[in-house]
Amino acid sequence: MDYKTLKSIIEGLLFMAGDEGISAKQLGEILGCDPALARDAAEELKADMVREGRGLRVAEVAGGYRLTTVPEHAPYFEKLAYTPGRQSLSQAALETLAIIAYRQPVTRVEIEEIRGVKSDRALQSLVNKELIQEVGRADAIGRPILYGTTKAFLDYFGLPDLSALPEPEEAEQDLLAEQTQMLFEKLDSMQMTLDEFRDEN
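Predicted, not measured: the structure shown is a model, and the values here were computed from it.

(A) Fine view of the overall build of the protein chain. Scanning the protein chain for helices and strands turns up ten helices and six strands. Across the 201 residues in the protein chain, those meeting the buried criterion constitute 39%. If you take every contact in the protein chain between residues at least 6 apart in sequence, the share linking residues at least 24 apart comes to 52%. Counting every atom, the protein chain has about 11,800 Å² of accessible surface; 52% of that belongs to carbon and sulfur.

(B) The arrangement of the sheet that holds strand β4 (residues 106-107) in detail. Strand order in the open sheet formed by three strands is β4-β6-β5, with antiparallel pairing between adjacent strands. At either margin of the open sheet sits one strand with a lone partner, and together these are β4 and β5 (132-137). Where β4 lies against strand β6 (residues 145-149), two bridges are found, and the strand directions are antiparallel. Of the residues in β6, the one forming a bridge with V106 is Y147. Against the sheet, helix α5 (residues 91-103) contacts β4, β5 and β6, and its axis sits at roughly 95 degrees relative to β6.

(C) Spotlight on the confidence of the model for the protein chain. Chain-level pLDDT for the protein chain is 81 on average; 78% of the residues reach the 70-or-more range. Under a pLDDT of 50 for its full length, residues 168-175 has, in the predicted model, seven contacts with residues more than four places off or in other chains.

(D) Representation of the side chain of E112 in the model. Tracing the chain through its elements places E112 in helix α6 (residues 108-115). Not counting chain neighbours up to four residues away, the residues in contact with E112 comprise V117, K118, S119 and D120.

(E) Structural detail: the packing of helix α1 (residues 3-17) against helix α2 (residues 24-31). Contact pair α1 / α2: the axes reach a minimum separation of 11 Å and the direction vectors enclose 115 degrees. Where α1 crosses over α2, the two elements pack in a sense that is right-handed. In this structure, α1 contributes L6, I9, I10 and L13 to the contact, and α2 contributes L27, I30 and L31.

(F) Fine view of the sheet that holds strand β1 (residues 22-23). Pairing is antiparallel across the open sheet formed by three strands, whose spatial order is β1-β3-β2. Pairing within the sheet leaves two strands with one partner each, and these edge strands are β1 and β2 (56-61). Where β2 meets strand β3 (residues 64-69), six bridges bridge the pair, whose relative direction is antiparallel. The residue of β3 that forms the bridge with V58 is L67. Contacts from α1 reach β1, β2 and β3, with the element oriented near 80 degrees to β3.

(G) Up close: the nonpolar core. Grouped together as the largest cluster of nonpolar side chains are 21 residues, with contacts concentrated most on L89, L97, F153 and F157. Elements that contribute at least two residues to this core include exactly α5, α7 (120-128) and α8 (151-156). In terms of residue count, α5 provides more of this core than any other element does, seven residues in total. Formed by 18 residues, the second largest nonpolar core is a distinct cluster that contains L6, I10, A38 and V58.

The rules behind the values
Residues numbered from 1 in each chain as written. Predicted model: local features only at pLDDT ≥ 70, side-chain atom pairs only at ≥ 80, totals over all residues. Heavy atoms only, no water. Helix = DSSP H or I, 4+ residues; strand = E, 2+ residues; numbered from the N terminus. Buried < 20%, exposed > 50% of the residue type's maximum accessible area, 1.4 Å probe, protein only. Contact = heavy atoms within 4.5 Å. Areas by Shrake-Rupley, 256 points an atom, 1.4 Å probe, with all protein chains shown as cover. Pairing = 2+ DSSP bridges. Axes fitted to C-alpha atoms, helices over the stretch in contact; angles between N-to-C directions. pLDDT = per-residue confidence, 0-100. Left-handed = near helix turned anticlockwise from the far one by under 90°. Core = buried A, V, L, I, M, F, W, Y, C linked by side-chain atoms within 4.5 Å.

Okay, here's the thing in structure tokens:
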């Protein structure tokens, strides 16, 4: 493939990899090329984004590459995060939140195994709304982030503590899917807008 296509594919792979990023070695394996070539293409993509003044950047973190936003644009991202109006949770965010509530502490990979789809955006949305937080790192390759719910999660849904989460009948450890569905339905019915939550507090 030509170099332009190679960089385009790498950009897409970095988007799919999310916060955990991807190493030059992994890029080489996926693209079927030498890791050095993959690294050169990633570095050139990084330079292209800066030169063209694009809204995303390629950052090298812990030996891997990942997409980030431009630090100077942070004030605008904050405005988006706290824009008044309805900011209710999407179905994807609710499903992700339900899994975290029951399974915490849990990694992104474990969440995605349960949901069957990527959960980067849902996780970022929940972190921005301060409903979940990083509670540690898993003792596994790459030390992935462990997520758990926050006090704001309890406040947002009017729960006194995690023991108040709905329990399915004849609940067992392997009934996570049923538990998750029940919590999803409960949270979906209880959900209020962030404005309503702020007004009450």
